[in-house]
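Next come the chains, spelled out residue by residue.
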Amino acid sequence: MAERRLLVLFGSQTGTAQDTAERVGREAKRRHLRCRVEALDSCDVASLIHEPLVVFVCATTGQGDPPDNMKMFWRFLFRKNLPAGSLCQLDYAVLGLGDSSYPKFNFVAKKLHKRLLQLGGSPLLPVALGDDQHDLGPDAVVDPWLVALWDKILALYPLPPGLEIISPDVRLPPRYTLHYLPEDSPHPNHDLLQLAAPGAAPCQLQPFAARLLSNQRVTAQGHFQDVRLIEFDITGSGITFSAGDVVMIQPQNCPEDVQEFCQLLCLEPHRRFVLEPTEPGTSLPPLLPQPCTIQYLVTHYLDISCVPRRSFFELLAYFSTNELEREKLQEFSSAQGQEELYSYCNRPRRTTLEVMWDFPHTTSAIPADYLLDLIPRIRPRSFSIASSMLAHPERIQILVAVVRYKTRLSKPRRGLCSTWLASLNPEQGDVRVPLWVKKGGMKFPADPATPVIMIGPGTGVAPFRAAIQERVALGHRGNCLFFGCRHKSKDFYCQTEWEELVTKGLLTLFTAFSRDQEEKVYVQHRIRENGRLVWELLSSGNAHIYLAG
């Protein structure tokens, strides 16, 4: 009998596709299939020719782009020299997650499905196109598609004699078992950041621990928005970048939330543990030291401030000893309960920690073994680099608006990364931030004669500050910037810097201060007023236009 094994591969930018892929993995286990779930770029693409059965779960980002964790796979798959029949033994299915308000809706899933077909693969089902815009979200497509998928797979790989599908009422084992170490066992200090290996370019799995040099508020004290210009020292990191590139920062939870979480779950922060995979072949979570403390796990790894997904409520319901709480959790994890879940969780942006407060009986019964199944990993955040290496060697500067807003919940919502960064004080010793750099989507012209028109209201001006610094250092003229904010006296970022460049004739600057007069004035008004100049730069100067928000 053919080996009953399934590979689930995902390309995920915000975690939705990964969450869906893990759901496919759980459903496969209920059908006694040997199943691996991994990111497309973690998988050896050449080994696909030996895989009999693969489900691809892919999001589409930006203007029809593949997510970061499938870019290498994407490049390989579209190589011209791949033989037409190379995947002739592969049965596959593609599940796409997208948003129909974008013109290239589910572009990646459609293109992947077509390419696998060209390479000789056999589709089990037509490509599924999950849509964020649907009233029930992508699940409106995903739920029925999965029912059809399992019918197809079980027809090809029937259940072995004597085995039945594991009922949804039965809790599956956790991915890892958490073994506490005796309190007196020796412990090396693992709670330090794992630094990038010498010579290796820093990346998500090996970030560089950059020293924080300055953290300066650039909006007036009385202004409602707190915006920071933050500078890091990257000496010795080997990091290089150019204007338009992006720095990725790995944030951490605040100490108050960590303490609250440990109290709610009756966890001892300083207890040390090692993780052991439940199934052979499961790799350990990246970036978690072994052994590790509960404190480190909750501070650096578990995203307790994210808005929980449907799968969180589904798993949580299994631990509930309280009938009322269990019924509510089951409702939130059912297809019919999605509208109510949206109102409870997504609309007010309720965090995982706050949900746990609302279900105290269930929360106190969560076994520590299930923490990594229940709560996703903290995702890195991206920021446009706001400085040039030519102007500031061995430094990275970013412009950060501290995210804080109100919903119907009494406590204001706070952005995890921006709040953490704003709280850091370089005068309190050696403050380190884990980061790495990624190529950005903006490329500035190499020809010094090509003028550049940059439109950057608010913190959207960050990549243009890097570009202007770089172009000025290279002697490129023709720099034209449209900048907009509310008030000249309150949130005109980098004012002195721009004015100096204007005085030297190195920058043409147009500003729109929307609230400084009766009539609101925005950058588009300034562009219209200066239409003749803009047209001249475009028609005779072959100018490039860049826009960042």
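Residues numbered from 1 in each chain as written. Predicted model: local features only at pLDDT ≥ 70, side-chain atom pairs only at ≥ 80, totals over all residues. Heavy atoms only, no water.

*Asks:* What's the story with the sheet that holds strand 19 (residues 479-485) in this structure? I'm lost.
*Replies:* The pairing of strands in a sheet comes from backbone hydrogen bonds and takes either a parallel or an antiparallel form. Strands sit in the order 20-19-18-21 across an open sheet of four strands; the sheet is parallel. This sheet does not close on itself; its edge strands, each paired only once, are strand 20 (508-513) and strand 21 (544-547). Averaged over all pairs of adjacent strands, the angle between their axes in this sheet comes to 10 degrees, without regard to strand direction. Relative to strand 21, strand 18 (residues 452-455) runs parallel, the two sharing four bridges. Bridge pairing in strand 21 links Met 454 to Tyr 546. Of the strands in this sheet, strand 18, strand 19, strand 20 and strand 21 are in contact with helix 17 (residues 531-539), which crosses strand 18 at around 135 degrees. (Pairing = 2+ DSSP bridges. Helix = DSSP H or I, 4+ residues; strand = E, 2+ residues; numbered from the N terminus. Axes fitted to C-alpha atoms, helices over the stretch in contact; angles between N-to-C directions. Contact = heavy atoms within 4.5 Å.)

*Asks:* When you look at the packing of helix 1 (residues 16-30) against helix 4 (residues 139-156) in this model, what are you seeing that I'm missing?
*Replies:* A pair of packed helices is characterised by two quantities: the angle between their axes and the separation of those axes. Orientation of helix 1 relative to helix 4, taken along the N-to-C sense of each, is 30 degrees, at an axis distance of 12 Å. Between helix 1 and helix 4, the crossing angle belongs to the class labelled roughly parallel. Seen along the crossing, helix 1 lies across helix 4 with a hand that is right-handed. Between helix 1, through Thr 20, Arg 23, Val 24, Glu 27 and Ala 28, and helix 4, the contact on the second element is made entirely by Asp 139, Val 142, Asp 143, Leu 146 and Trp 150. A breakdown of the residues in the contact of helix 1 with helix 4 according to their chemical character gives five nonpolar, one polar and four charged. (Parallel < 35°, antiparallel > 145°, perpendicular 65-115°, else oblique. Left-handed = near helix turned anticlockwise from the far one by under 90°. Nonpolar A, V, L, I, M, F, W, Y, C, P; charged D, E, K, R; others polar.)

*Asks:* Can you walk me through the nonpolar core in this structure?
*Replies:* Soluble globular proteins: nonpolar side chains tend toward being buried together. Core analysis: the largest hydrophobic core is formed by 42 residues, its most contacted members being Phe 261, Leu 297, Leu 302, Phe 313, Met 356 and Leu 371. Here the element with the most residues in this core is helix 7 (residues 310-319); it accounts for six residues. Non-local contacts of Met 356, meaning those with residues more than four positions away in its chain, are made with Phe 261, Leu 264, Leu 265, Phe 312, Thr 363, Ile 366, Leu 374 and Ile 375. With 28 residues, the next largest nonpolar core counts Leu 229, Phe 464, Ala 467 and Cys 485 among its residues. (Core = buried A, V, L, I, M, F, W, Y, C linked by side-chain atoms within 4.5 Å. Buried < 20%, exposed > 50% of the residue type's maximum accessible area, 1.4 Å probe, protein only.)

*Asks:* Even after reading the chapter, I still don't get the UniProt feature "domain: Flavodoxin-like" (unreviewed entry) in the protein, so can you show me in this structure?
*Replies:* Following the UniProt record, the feature "domain: Flavodoxin-like" (unreviewed entry) maps to residues 6-150 here. Overall, residues 6-150 shows 32% helix and 23% strand. The separation of its end C-alpha atoms is 12 Å. (UniProt positions renumbered as here; feature names shortened; annotations may be inferred.)

*Asks:* I tried to follow a nonpolar patch on the surface on my own but got confused; where do I start?
*Replies:* A grouping of Trp 535, Leu 538 and Ile 545 is seen on the molecular surface, where their side chains present a nonpolar patch of about 310 Å² in accessible area. With respect to the helices and strands, the residue Leu 538 is situated in helix 17. (Patch = residues over 30% accessible without salt bridge, like charges linked within 9 Å, V, L, I, M, F, W, Y side chains within 5 Å. Areas by Shrake-Rupley, 256 points an atom, 1.4 Å probe, with all protein chains shown as cover. Salt bridge = Lys/Arg side-chain N within 4 Å of Asp/Glu carboxyl O.)

*Asks:* Hey, could you run me through the packing of aromatic side chains in this one?
*Replies:* Aromatic ring pairs: the centre-centre distance and the angle between the two ring planes describe each pair. Under the defined criterion, the tally for this structure stands at 12 aromatic pairs. Arranged with centres 6.0 Å apart and planes meeting at 65 degrees, the rings of Phe 483 and Tyr 493 form a pair that is edge-to-face. With Phe 483 in strand 19 and Tyr 493 in the loop between strand 19 and helix 15 (495-503), this pair connects stretches of sequence that are 10 residues apart. Here the aromatic cluster, defined as three or more aromatic residues joined through ring pairs, consists of Phe 312, Phe 313, Phe 332 and Tyr 344. The ring of Phe 107 carries the charged tip of Lys 104 above its face, separated from the ring centre by 4.8 Å. Above the plane of the ring of Phe 78 lies Lys 111, whose end atom (NZ or CZ) is 4.9 Å from the centre. (Phe/Tyr/Trp six-rings, centres within 6.5 Å; stacked < 30°, edge-to-face > 60°. Lys NZ or Arg CZ within 6 Å of the ring centre and 35° of its normal.)

*Asks:* Can you help me understand the side chain of Asp 99 in this one?
*Replies:* Position of Asp 99 relative to the elements: it lies in the loop between strand 4 (91-98) and helix 3 (107-118). In this structure, Asp 99 is buried with no salt-bridge partner, the nearest side chain bearing the opposite charge being Lys 110 at 12 Å. In terms of polar contacts, Asp 99 uses its side chain to reach the side chain of Ser 101, at 2.6 Å. Sequence-distant contacts of Asp 99, defined by excluding residues within four places in its chain, comprise Phe 105, Asp 131, Asp 132 and Gln 133. (Lys, Arg positive; Asp, Glu negative; His and termini not counted. Polar contact = N/O pair within 3.5 Å; in protein donor to acceptor, adjacent residues only side chain to side chain.)

*Asks:* I tried to follow the UniProt feature "domain: FAD-binding FR-type" (unreviewed entry) in the protein on my own but got confused; where do I start?
*Replies:* When the UniProt feature table is mapped onto this chain numbering, "domain: FAD-binding FR-type" (unreviewed entry) sits at residues 205-445. Between the end C-alpha atoms of residues 205-445 the distance is 32 Å, and the span holds 30% helix and 21% strand.

*Asks:* What am I meant to see in unusual backbone geometry here?
*Replies:* Trans peptide bonds make up the majority, and among non-glycine residues the majority have a negative phi. Residue Gln 290 is joined to Pro 291 through a cis peptide bond whose omega torsion reads -10 degrees. Position of Pro 291 relative to the elements: it lies in the loop between strand 11 (272-277) and strand 12 (292-293). Non-glycine residue Leu 287 carries a positive phi angle of around 70 degrees. Relative to the helices and strands, Leu 287 is located in the loop between strand 11 and strand 12.

*Asks:* Honestly, the pattern of salt bridges in this entry has me stumped. Any pointers?
*Replies:* Here the idea is simple: oppositely charged side chains can pair when their charged atoms come close. Summed over all chains, the structure comprises 26 salt bridges. A salt bridge links Lys 328 to Glu 331, with the shortest nitrogen-to-oxygen separation between them at 3.3 Å. One end of the pair, Lys 328, and the other, Glu 331, are both in helix 8 (residues 323-333), three residues apart, so they sit about a helical turn from each other. With a relative accessible area of 30%, Glu 331 lands in the partly exposed category. Between Arg 432 and Asp 430 there is a salt bridge, with its nearest N and O atoms 3.1 Å apart. For Arg 432, a relative accessible area of 37% gives the class partly exposed. On the accessibility criterion, Asp 430 (52% relative accessible area) is exposed. Residues participating in the shared-partner salt-bridge network are Arg 23, Glu 27, Asp 139, Asp 143 and Arg 310.

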